[in-house]
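# An overview of the molecular structure
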Amino acid sequence: MGKIIKEYETEYNVGDVVIFENNQRYLEVGVIEGYYVEDGNFWFNIRISPKFVYTYTNAGDIAEWDIIGLVDSSLKEKCYKKIVNGN
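Described in the following lines is the structure provided in the data block.

The rules behind the values
Residues numbered from 1 in each chain as written. Predicted model: local features only at pLDDT ≥ 70, side-chain atom pairs only at ≥ 80, totals over all residues. Heavy atoms only, no water. Phe/Tyr/Trp six-rings, centres within 6.5 Å; stacked < 30°, edge-to-face > 60°. Helix = DSSP H or I, 4+ residues; strand = E, 2+ residues; numbered from the N terminus. Buried < 20%, exposed > 50% of the residue type's maximum accessible area, 1.4 Å probe, protein only. Contact = heavy atoms within 4.5 Å. Polar contact = N/O pair within 3.5 Å; in protein donor to acceptor, adjacent residues only side chain to side chain.

The way to describe two aromatic rings as a pair is by their centre distance and the angle between their planes. As enumerated under the stated definition, the model contains eight aromatic pairs in all. Between Y8 and F42 the ring centres are 6.4 Å apart and the planes differ by 90°, which places this aromatic pair in the edge-to-face class. Here the residue Y8 occupies a position in the segment before β1 (17-21), and F42 occupies one in strand β3 (residues 41-49), the gap between them amounting to 34 residues. The class for Y8 is partly exposed, based on a relative accessible area of 39%. For F42, a relative accessible area of 5% translates into the label buried. Ring geometry for Y35 and F44: centres 6.0 Å apart, planes at 50°, overall tilted. Residue classification places F44 among the buried residues on the basis of a relative accessible area of 1%.

Here N58 shows up in the loop between β4 (52-54) and β5 (62-63). The exposure class of N58 is partly exposed, given its relative accessible area of 33%. Apart from residues lying up to four places away in sequence, N58 is in contact with F52 and V53. Side-chain polar atoms of N58 contact the backbone oxygen of V53, separated by 2.8 Å.

Right, dumping it as structure tokens:
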């Protein structure tokens, strides 16, 4: 039996805090919680609050090209705590 392995590369990882454009073209900050690859494109599940995650199910797919960039250093920690824990 053979095995085919496809390898994809993205700039972003689970746990990264990112700035992105949502479907209404507003800028938001969120934490990447997961992703999937379809036709070679990355689609991310991004949490923006303790109670809401943009996912395919709620029509909130965020494509890799919708992500503007990473939030780094101490600001990343502050955003992460606020988004995930609400404090």
